Amino acid sequence: MSARTGTAGAGIPLAERIPVLLYHAVTEDPSGWIAPLTVRPSVFAAQLDAVVDSGCTPLTATGLVDALAGRRPLPERPVVITIDDGFADLPRSTAPALAGRGLTATAYLTTGAIGLHGPDSGCLLPPAPMMTAAQVKETADHGLEIGAHTITHPQLDTLPGAAVRRELSVPKAALEDLLGLPVPAFAYPHGYNSRSVRRQVRAAGYTSATAVRDALSSKGDEPYRIARIMLRADDTAADVAAWLRGTAAPVAPYPDQLRTVGWRWYRRGRRLVRGTRFAG
């Protein structure tokens, strides 16, 4: 059992805790850089079965924030499954595995990585098999919500305002044009955000944004900084079952720790020296 560390939110009742799971690639043969965050298909299947067996009701990210805002009923035990970046397995096997169990999810796509802006998008993700822009609608047809995850996958909280606005507005417009639907959901690359970035996400027309935080969300969480638990290669179906019960992880909302703020300032200085590049 790989419990996430921390006691934040320990006083939040179990009934108010909401697991929001974050997946990346689901494959037997990942690229080296994403391997620590890759789940094998057999393990993924077992984890999805744990979701089904839990009796939790799956929602999209937009469905969750709409329910928390009173725009729709909130199920007694909600769960949100999210998938970041748009790796090649998403339309081929991951979305079908979800659909086959009657599970919805939100897939946040890095539009430069999937070829939506041509070969010169400046995407910062290292090489890996990715889905294509032509497969976006196919993925949505499996019952997944499509959200935006920027063009290039930068650390948004280190960029100047104009660059942040472009990373927010361009993928939203491109995905909406492709799908013929609104795209109200956003995820921060690396989970990195700041108060200023969150304001710009709202101004860009998104109604929610997910971070990481490696914590359970809750009924009191922030709609523009929804906490997620990031699935790693060694996480099991038993780990997922514990999170679905509202245990084995801290609970948001909670304020940034001093080390989080210090790390942000360090990364901002690093960008000024080295330029914008892929980095955790």
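Please refer to the structure placed before this passage.
Bear in mind the structure is a predicted one, so any value in this text is a computation, not a measurement. (Residues numbered from 1 in each chain as written. Predicted model: local features only at pLDDT ≥ 70, side-chain atom pairs only at ≥ 80, totals over all residues. Heavy atoms only, no water.)

**Student:** What is the right way to look at helix 2 (residues 61-68) in this model?
**Tutor:** Since the α-helix turns once every 3.6 residues, residues separated by three or four places project in the same direction. The buried fraction of helix 2 is high, at six of eight residues. Listing the buried residues of helix 2 in full gives Ala61, Thr62, Gly63, Leu64, Val65 and Ala67. One or two steps after helix 2, the chain reaches glycine 70, where phi turns positive at roughly 85°. (Buried < 20%, exposed > 50% of the residue type's maximum accessible area, 1.4 Å probe, protein only. Helix = DSSP H or I, 4+ residues; strand = E, 2+ residues; numbered from the N terminus.)

**Student:** Is there a simple way to explain the pairing of strand 10 (residues 226-230) in this structure?
**Tutor:** Regular strands show a simple pattern: their side chains alternate between the two faces of the sheet. Within strand 10, five of the five residues are buried, leaving the element largely enclosed by the surrounding structure. Burial along strand 10 is two-sided: Ile226, Arg228 and Met230 and Ala227 and Ile229, pointing in opposite directions, are all buried. Note: strand 2 (residues 20-23) against strand 10, two bridges, orientation parallel. Bridging from a neighbouring strand, leucine 22 pairs with methionine 230 of strand 10. Taken together, the two bridges between strand 8 (residues 208-213) and strand 10 define a ladder with parallel strand orientation. When the sheet's bridge partners are listed, arginine 213 is paired in strand 10 with arginine 228. (Pairing = 2+ DSSP bridges.)

**Student:** Which parts of the structure should I look at to understand the packing of aromatic side chains?
**Tutor:** Ring pairs (aromatic) are described by centroid distance and by the angle formed between their planes. Taken as a whole, this structure holds four aromatic pairs when the rule is applied. Measuring from centroid to centroid gives 6.0 Å for tryptophan 33 and phenylalanine 87, while their planes differ by 45°, and the two rings are tilted. Of this pair, tryptophan 33 sits in the loop between strand 2 and helix 1 (41-54) while phenylalanine 87 sits in the loop between strand 4 (78-85) and helix 3 (89-100), and the two are 54 residues apart along the sequence. One aromatic cluster is present, built from ring pairs that chain together Phe186, Tyr188 and Tyr206. Over the face of the ring belonging to tyrosine 254 we find arginine 213, whose NZ or CZ atom lies 4.1 Å from the ring centre. Lying across the ring of tyrosine 192, arginine 267 places its NZ or CZ 3.5 Å from the centre. (Phe/Tyr/Trp six-rings, centres within 6.5 Å; stacked < 30°, edge-to-face > 60°. Lys NZ or Arg CZ within 6 Å of the ring centre and 35° of its normal.)

**Student:** It is not clear to me how the layout of surface pockets should be interpreted in this structure. Could you clarify?
**Tutor:** Rolled over the atoms, a probe with the dimensions of a water molecule shows which regions are left empty. Looking at the largest pocket, its volume works out to about 1,000 Å³. What lines the largest pocket is a set of 41 residues, and nearest its centre among them are His190, Tyr192, Val212, Arg213 and Asp214. It is helix 8 (residues 258-274) that contributes the most residues to the lining of the largest pocket, five residues altogether. Across the lining of the largest pocket, the residue classes tally to 16 nonpolar, twelve polar and 13 charged. (1 Å grid on protein atoms, 1.4 Å probe; cavity = no way out; pocket = protein on both sides within 12 Å on 5 of 7 lines; lining within 4 Å. Points joined across faces, edges and corners; volume = space filled by probe spheres on them. Nonpolar A, V, L, I, M, F, W, Y, C, P; charged D, E, K, R; others polar.)

**Student:** Can you help me understand the environment of threonine 104 in this one?
**Tutor:** Mapped onto the fold, threonine 104 is located in the loop between helix 3 and strand 5 (106-109). Exposure remark for threonine 104: the relative accessible area of 17% places this residue in the buried category. Put simply, threonine 104 and leucine 59 are 45 residues apart on the chain and 6.4 Å apart in space, counted from C-alpha to C-alpha. Among residues more than four places away in sequence, those in contact with threonine 104 are Pro58, Leu59, Thr60, Ile81, Gly143 and Leu144. Of note is the side chain of threonine 104, whose polar atom sits 2.7 Å from the backbone oxygen of glycine 143. (Contact = heavy atoms within 4.5 Å. Polar contact = N/O pair within 3.5 Å; in protein donor to acceptor, adjacent residues only side chain to side chain.)

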